[in-house]
Amino acid sequence: QVQLVESGGGLVQPGGSLRLSCAASGSIFSINAMGWYRQAPGKQRELVAAITSGGSTNYGDSVKGRFTISRDNANDTVTLQMDSLKPDDTAVYYCNANVLGRDWRRGDYWGQGTQVTVSS
């Protein structure tokens, strides 16, 4: 089993910053991509940012230039630095990891989600 534990959500004013972190633990042999998705009320879950084990990144169009994803492969953690936040960034943010387990099975795992609210 693999667990993803997120931290760092909260309430912030427009233009402010937040930092989300996610730590993976459990029966992990290696992790391919790690990333963040978000889901706002009444909307579909969408990609925010993703990063491969080699450091290649991919961002959703709405966050390019404002959010930065980084990763610590040694500790199986991924971080999302969110700057210049807008009310439209309000959503539940979910950590995701594509994991190769020690049983040689690959699977996608999700965190429990953390609320980010951007409001004055």
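Whatever comes next refers back to the structure up there.
If you're wondering where the values come from, they're calculated on a predicted model, not measured in any experiment.

### Digging into the packing of aromatic side chains
As enumerated under the stated definition, the model contains two aromatic pairs in all. Here F29 and W104 contribute two aromatic rings whose centre-to-centre distance is 4.8 Å and whose plane-to-plane angle is 50°, an arrangement assigned as tilted. Residue F29 is found in strand β4 (residues 28-39), and its partner W104 is found in the loop between β9 (91-101) and β10 (106-110); the two are separated by 75 residues along the sequence. Aromatic side chains Y37 and W110 sit 5.1 Å apart centroid to centroid with 65° between the ring planes, which places their arrangement in the edge-to-face category. With a gap of 73 residues between them, Y37 in strand β4 and W110 in strand β10 connect regions that are remote in the sequence. Positioned above the aromatic ring of Y94 is the side chain of R45, whose terminal nitrogen or guanidinium carbon lies 3.8 Å from the ring centre. The ring centre of W110 lies 4.7 Å from the NZ or CZ of R45, which sits over that ring.

### Considering the pattern of salt bridges
Applying the stated criterion across every chain yields a total of four salt bridges. A salt bridge links E46 to R38; the shortest N-O distance between them is 2.7 Å. In this structure E46 comes out as partly exposed when scored by relative accessible area, which is 35%. Under the relative-accessibility criterion, R38 is labelled buried at 6%. Put simply, D89 and R66 hold a salt bridge, and the shortest N to O gap is 2.8 Å.

### Focus: the sheet that holds strand β7 (residues 67-72)
An order of β1-β3-β8-β7 is seen for the four strands of this open sheet, with the pairing classed as antiparallel. Both edges of this open sheet fall to β1 (2-7) and β7, since each of them pairs with a single strand only. Strand after strand, the sheet turns through a mean of 15° between neighbouring axes, direction not considered. In this structure, strand β3 (residues 18-26) lies alongside strand β8 (residues 77-82), joined through six bridges in antiparallel fashion. Bridging across to β8, L20 finds its partner in L80.

### Some points on the nonpolar core
Grouped together as the largest cluster of nonpolar side chains are 30 residues, with contacts concentrated most on W36, L80, M82 and Y93. Taken together, the elements giving at least two residues each to this core come down to β1, β3, β4, β5 (46-51), β7, β8, β9 and β11 (114-118). Considering each element in turn, this core owes the most residues, five residues, to β9.

### With respect to the pairing of β7
The alternating pattern of β7 places F67, I69 and R71 on a buried face and T68, S70 and D72 on a face that is not buried. As judged from the six bridges shared by β7 and β8, these two strands associate in the antiparallel manner. In the sheet register, D72 faces β8, and the bridge partner there is T77. Linking β7 back to β8 in an antiparallel pair, the connection comprises four residues, with D76 at a positive phi of about 55°.

Cut-offs used in this document
- The residue numbering used here restarts from 1 in each chain and proceeds along that chain's sequence as written.
- Owing to the predicted nature of the model, reporting of local features is limited to residues with pLDDT of at least 70; listing and counting of side-chain atom pairs is limited to 80 or more, with chain, interface and lining totals taken over all residues.
- Note: side-chain values were computed over all heavy atoms of the structure, leaving out hydrogens and water.
- Each pair of aromatic rings taken from Phe, Tyr and Trp, with Trp reduced to its six-membered ring, is defined by centres within 6.5 Å and is described as stacked if the planes are under 30 degrees apart, edge-to-face if over 60, and tilted in the remaining cases.
- Helical segments are the DSSP runs of H or I of at least four residues, strand segments are the runs of E of at least two, and each set is numbered from the N terminus.
- Comment: the charge-over-ring label is applied if NZ (Lys) or CZ (Arg) is within 6 Å of the ring centre and within 35 degrees of the ring normal.
- Think of a salt bridge as a Lys or Arg side-chain nitrogen and an Asp or Glu carboxyl oxygen that are within 4 Å of each other.
- Note on classification: 1.4 Å probe, protein chains only; a residue is buried when its accessible area is under 20% of the maximum for its type, exposed when over 50%, partly exposed between these limits.
- When DSSP finds two or more bridges between two strands, those strands count as paired.
- Here the axes come from fitting lines to C-alpha atoms, over the contacting stretch only for helices, and the angles between their N-to-C directions go from 0 to 180 degrees.
- Among buried residues, the Ala, Val, Leu, Ile, Met, Phe, Trp, Tyr and Cys ones that are joined through side-chain atoms within 4.5 Å form a nonpolar core.

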